[in-house]
Amino acid sequence: MQTVSENACFGGTQGVYTHASSATGTDMTFGLFLPAEAADGPVPVLWYLSGLTCTHDNAMTKAGAQAWAANEGIALVFPDTSPRGEGVADDEAYDLGQGAGFYVNATQKPWAPHFRMWDYVTADLPDLLFNSFALDADRQGITGHSMGGHGALTMAMSLPDRFRSVSAFAPIANPTASDWGRKQLSAYLGDDETKWAAHDATLLMADKGFDGPMLIDTGTKDQFLDLLRPEALAAAIAKRRQQATFRMQPGYDHSYFFVSTFMEDHVAFHADALYA
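If you're wondering where the values come from, they're calculated on a predicted model, not measured in any experiment.

(A) Geometry of helix H8 (residues 230–240). Considered for burial, the residues of H8 that qualify are Pro-230, Ala-232, Leu-233, Ala-236 and Ile-237. Down the axis, H8 shows its buried residues gathered within 160° of arc, on one side only. In this structure, H8 carries Ala-238 and Lys-239 as exposed residues pointing more than 90 degrees from its buried face. Arg-241 sits one or two positions beyond H8 and adopts a positive phi of about 60°.

Dropping the structure here:
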């Protein structure tokens with residue numbers, strides 16, 4: 001692991017680091033905010049997964065999460081959204097390839113050699129973090145925006161013993177029934193749709209649910225509502241009687257203005273669970 005930068009931030013440290021990833025076979029970059037409390041021992045961790053076209057940097061610099069995390073004594077992890085670099089497959093479209101890993105392990109050419117973002121976020125990066133920094137592996141929450149909200153929800157429901165809480169900002173909630181999903185899942189996983197279900201929050205809600213608190217915010221003026229399909233996830237939550245707060249926020253769109261507006265709520269929500 002190499003340090004790219006470390007800056008004092010709300011009494012703690014905002015760092016950016018690179019490392020060789022065994023999951024992707026590439027060098028990967030991530031951001032990590034450590035609150036002041038990390039100097040005295042392991043602190044809880046909140047993962048933030050970003051959306052299409054983003055890197056580790058977008059939420060780190062736009063979401064305003066560090067101020068609220070510092071108040072709660074919580075670390076923030078900002079992974080990248082895909083492998084990058086020479087020899088890594090890409091596509092001219094913004095919603096496939098580099099910047100659009102969709103948090104799956106690709107099985108199809110040309111993506112399979114490097115696009116293993118599920119393993120990267122759930123195994124490779126955690127192994128590095130918990131062996132290198134003062135972080136408490138027993139107190140983890142996860143959140144994300146758009147494609148990252150999809151990743152947060154699917155990982156939380158698929159790894160029931162790992163995360164105490166999950167939230168999402170405008171998640172891609174039903175990708176197997178959306179053009180933001182069918183395109184990527186078929187490219188990365190192939191045409192057998194039975195293999196897609198493990199990466200659809202609505203289907204996972206029907207099948208597994210989440211044994212813990214859940215918070216979801218989506219704007220009523222989100223320009224991608226038809227692609228996000230929040231109504232499908234809301235119906236699955238209601239049918240399962242899942243413990244959840246599901247909010248449609250009047251007037252908000254898909255931007256980081258929306259994310260930053262409700263970031264305080266989400267960090268406080270996770271703090272309640274991580275310190276319970």
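Still to come is the rest of the account.
(B) Seen up close, the packing of aromatic side chains. A complete count under the given rule lists eleven aromatic pairs for this structure. Judged by centre distance (6.1 Å) and plane angle (50°), the rings of Tyr-48 and Phe-78 are tilted. Residue Tyr-48 is found in strand E4 (residues 43–49), and its partner Phe-78 is found in strand E5 (residues 75–79); the two are separated by 30 residues along the sequence. Residue Tyr-48 is classed as buried on the basis of its relative accessible area of 2%. Using a relative accessible area of 2% as the deciding quantity, one classes Phe-78 as buried. Pairing Phe-115 with Tyr-188 gives two aromatic rings, centres 5.7 Å apart and planes at 20°, and the pair type is stacked. In this pair, Phe-115 is assigned in the loop between E5 and helix H3 (117–132) and Tyr-188 in helix H5 (residues 179–189), connecting sequence segments 73 residues apart. Both residues of the pair, Phe-115 and Tyr-188, belong to the buried class. Through a chain of ring-to-ring contacts, three or more aromatic side chains come together here, namely Phe-169, Tyr-252, Phe-258 and Phe-262.

(C) A look at the packing of H3 against helix H4 (residues 147–158). It is at 12 Å that the axes of H3 and H4 come closest, and there the two elements cross at 60°. Relative to H4, H3 is oriented oblique. In this structure, the crossing between H3 and H4 has a hand that is right-handed. Residue-level contacts link Met-117, Trp-118, Val-121 and Thr-122 of H3 to Thr-154, Met-155 and Ser-158 of H4. For the contact of H3 with H4, the class distribution of residues is four nonpolar, three polar and no charged.

(D) Layout of the sheet that holds strand E3 (residues 27–34). Within the open sheet, the nine strands sit side by side as E1-E2-E3-E5-E4-E6-E7-E8-E9. Their pairing is mixed. Single-partner strands in this sheet number two, and they are strand E1 (2–9) and strand E9 (245–249). Here the average twist between neighbouring strands, direction ignored, is 20°. Taken together, the four bridges between E3 and E5 define a ladder with antiparallel strand orientation. The residue bridging Phe-30 from the neighbouring strand is Pro-79, located in E5. Those strands touched by helix H2 (residues 65–72) are E1, strand E2 (12–20), E3 and E5, and its axis lies near 145° from that of E5.

(E) Structural detail: the side chain of Ser-165. With respect to the helices and strands, the residue Ser-165 is situated in strand E7 (residues 163–169). Side-chain polar atoms of Ser-165 contact the side chain of His-270, separated by 2.7 Å. With sequence-adjacent residues up to four places away left out, Ser-165 is seen in contact with Gln-140, Gly-141, Ile-142, Phe-210, Pro-213, Phe-269, His-270, Ala-273 and Leu-274.

(F) Quick look at the pattern of salt bridges. Scanning all chains against the criterion turns up eight salt bridges. For the salt bridge of Lys-183 with Asp-95, the shortest nitrogen-to-oxygen distance reads 2.7 Å. Here the residue Lys-183 occupies a position in helix H5, and Asp-95 occupies one in the loop between E5 and H3, the gap between them amounting to 88 residues. What makes Lys-183 partly exposed here is its relative accessible area of 34%. The closest approach of N and O atoms between Asp-136 and Arg-139, which form a salt bridge, is 2.8 Å. The buried category is assigned to Asp-136, whose relative accessible area is 18%. Counted as one network, the salt bridges with shared partners bring together Asp-217, Arg-247 and Asp-265.

How each quantity is defined
Numbers given to residues run from 1 along each chain, matching the order in which its sequence is written. A pLDDT threshold of at least 70 governs which residues receive local features in this predicted model, and a stricter bar of 80 or more applies before side-chain atom pairs are shown or counted, although totals over entire chains, interfaces and linings include all residues. The side-chain quantities take in all heavy atoms of the structure and omit both hydrogens and water. Only protein chains enter the accessibility calculation, which uses a 1.4 Å probe; a residue whose area is less than 20% of its type maximum is buried, one above 50% is exposed, and one in between is partly exposed. A run of H or I in DSSP counts as a helix once it spans at least four residues, and a run of E counts as a strand once it spans at least two, with each numbered from the N terminus. What the arc measures is the spread of directions leading from the helix axis to the C-beta atoms. What counts as a ring pair is set by centres within 6.5 Å for rings of Phe, Tyr and Trp (its six-membered ring), and what kind of pair is set by the plane angle: stacked under 30 degrees, edge-to-face over 60, tilted for all other angles. A fitted line through C-alpha atoms represents every axis, and for helices the fit uses only the stretch in contact; the resulting angles, taken between N-to-C directions, go from 0 to 180 degrees. Just so you know how the angles are binned, under 35 degrees is roughly parallel, over 145 roughly antiparallel, 65 to 115 roughly perpendicular, and the rest oblique. For any helix crossing, the convention is left-handed if the near helix is rotated counterclockwise from the far helix by under a right angle, and right-handed if that rotation is clockwise. Whether two residues touch is decided by their heavy atoms; if any such pair falls within 4.5 Å, the residues are in contact. Three residue categories are used. Nonpolar comprises Ala, Val, Leu, Ile, Met, Phe, Trp, Tyr, Cys and Pro, charged comprises Asp, Glu, Lys and Arg, and polar comprises the others, including Gly. At least two DSSP bridges between two strands are required for those strands to pair. Counted as a polar contact is a pair of N or O atoms within 3.5 Å, where, for protein atoms, one must be capable of donating a hydrogen and the other of accepting one, and residues adjacent in sequence contribute only when both atoms are in side chains. Salt bridge, as used here: a side-chain nitrogen of Lys or Arg that lies within 4 Å of a carboxyl oxygen of Asp or Glu.

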